[in-house]
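Structural characterization, general
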Amino acid sequence: MRIGILDVNVKRGKPGQCWVCKESIALKELHTVVVLRYGKFQQQAFKLAAAQGRAKSKKAGFKYRRLHLKGCLATWLVAIHHYRSEARSQRKGRPTGSGQLPQMSDEDKLVRYRLVRRRAETLRLLIATEDDHRIVNLYQRLKYLNNQLEINVIDDMARREQTNIRLLNARFKRAEELINGQSTGTS
Ligand SMILES: [Zn+2]
């Protein structure tokens, strides 16, 4: 099973945090960075983030795990292998919690679940409408929901149909035009 690209680095700049034990990774400490999303998948995630105005840098959509070399790397590898094997055997994709989300309290999970549901609904409504006023309203609601979500939802977009992604990108563009007052033409 290919997990990702494994780098061994010395921590520079500022201390980091280990994904597994949540303890600090000190400056100059030798540790590992496993890159999970890169290449064309990262580019795809970047494009979606850019279309939604949440791409802070070219690295948006890039996914990695920073880990202590001793113990934590092994623990993590065994866990990710287990989750992925199970997900494969069930043919339902990754189980919840094994993806890009850190460990959360039940309350945080519920809050996030509701936000994600509302966001998905907003996206569906946005696809379904051609009304300019409504597009702007829904777009602003989406931005609000994105801001509420500490970790953005990328994967649910990635699983959408190509036609829906194109439609959504067109809606985002239209909303930006309307908000910035660049265009008054009818669509
Ligand atoms: Zn650790």
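Our subject is the structure listed above.
Throughout this description, residue numbers start from 1 for each chain and increase along the sequence as written. pLDDT decides what is reported in this predicted model: residues at 70 or higher carry local features, side-chain atom pairs at 80 or more are listed and counted, and totals for whole chains, interfaces and linings draw on all residues regardless.

**With respect to the sheet that holds strand S5 (residues 63-68)**
Condition: In this description, strands pair whenever DSSP reports at least two bridges between them. Helix and strand assignments come from DSSP, with helices taken as H or I runs of at least 4 residues and strands as E runs of at least 2, each series counted from the N terminus. Fitted lines through C-alpha atoms give the axes, limited to the stretch in contact for helices. The angle between two N-to-C directions lies from 0 to 180 degrees.
The sheet built from 3 strands is open, its strands ordered S1-S4-S5 with antiparallel pairing. Strands with a single pairing partner mark the edges of an open sheet, and in this sheet they are strand S1 (5-10) and S5. Neighbour-to-neighbour, the strand axes of the sheet open up by a mean angle of 25°, direction not taken into account. Where strand S4 (residues 30-37) lies against S5, 6 bridges are found, and the strand directions are antiparallel. Note that in S5 the partner of His31 across the bridge is His68.

**Some points on unusual backbone geometry**
Spelled out, the test is: Exposure criterion: with C-beta atoms placed from backbone coordinates, a residue whose C-beta has 20 or more other C-beta atoms within 10 Å is buried, one with 12 or fewer is exposed, and one in between is partly exposed.
Residue Lys22 is not a glycine yet carries a positive backbone phi of 65°. Here Lys22 lies in the loop between strand S2 (16-17) and strand S3 (24-25). On the neighbour-count criterion, Lys22 (10 C-beta atoms within 10 Å) is exposed. Of note in the backbone geometry, Lys28 takes a positive phi value of approximately 70° without being a glycine. Its place among the elements puts Lys28 in the loop between S3 and S4.

**Topic: helix H4 (residues 132-148)**
Inclusion rule: Helix span is expected to be 1.5 Å times the residue number reduced by one. Working note: the arc is built from the helix axis to C-beta atom directions. Placing C-beta atoms from the backbone, we regard two residues as in contact once those atoms come within 7 Å.
The end-to-end C-alpha distance of H4 is 24 Å, a good match for the 24 Å that 17 residues give at a rise of 1.5 Å each. Within H4, burial applies to Ile135, Leu138, Tyr139, Leu142 and Leu145. On an axial view of H4, the arc spanned by its buried residues comes to 125°, and they lie on one face. Facing away from the buried surface of H4 by more than 90 degrees, the exposed residues are His133 and Asn147. The elements touched by buried residues of H4 are helix H3 (106-128) and helix H6 (162-180).

**Here we look at the nonpolar core**
Which entries qualify depends on this criterion: Nonpolar core, as used here: buried Ala, Val, Leu, Ile, Met, Phe, Trp, Tyr and Cys residues forming one set through C-beta atoms within 7 Å.
Within the largest apolar cluster, 10 residues are counted, these being Leu123, Leu126, Ile135, Leu138, Tyr139, Leu142, Leu145, Leu168, Phe172 and Ala175. Within the residue set of this core, elements represented by two or more residues are H3, H4 and H6. By residue number, the principal contributor to this core is H4, which donates 5 residues. Ignoring sequence-local partners within four residues, the contact set of Tyr139 consists of Leu126, Phe172 and Ala175. In terms of nonpolar packing, the next biggest core, distinct from the first, is built from 6 residues, Ile25, Leu67, Cys72 and Trp76 among them.

**Focus: the packing of H4 against H6**
Packed helices, taken two at a time, are described by the angle between their axes plus the distance between the axes. Heads up, the rule is: By definition in this entry, angles of less than 35 degrees are roughly parallel, angles greater than 145 are roughly antiparallel, angles of 65 to 115 are roughly perpendicular, and the rest are oblique.
Contact geometry of H4 with H6 gives a least axis separation of 9 Å together with a crossing angle of 100°. Between H4 and H6, the angle falls in the class roughly perpendicular. Residues Asp132, Ile135, Val136 and Tyr139 of H4 pack against Arg171, Phe172, Arg174, Ala175, Leu178 and Ile179 of H6.

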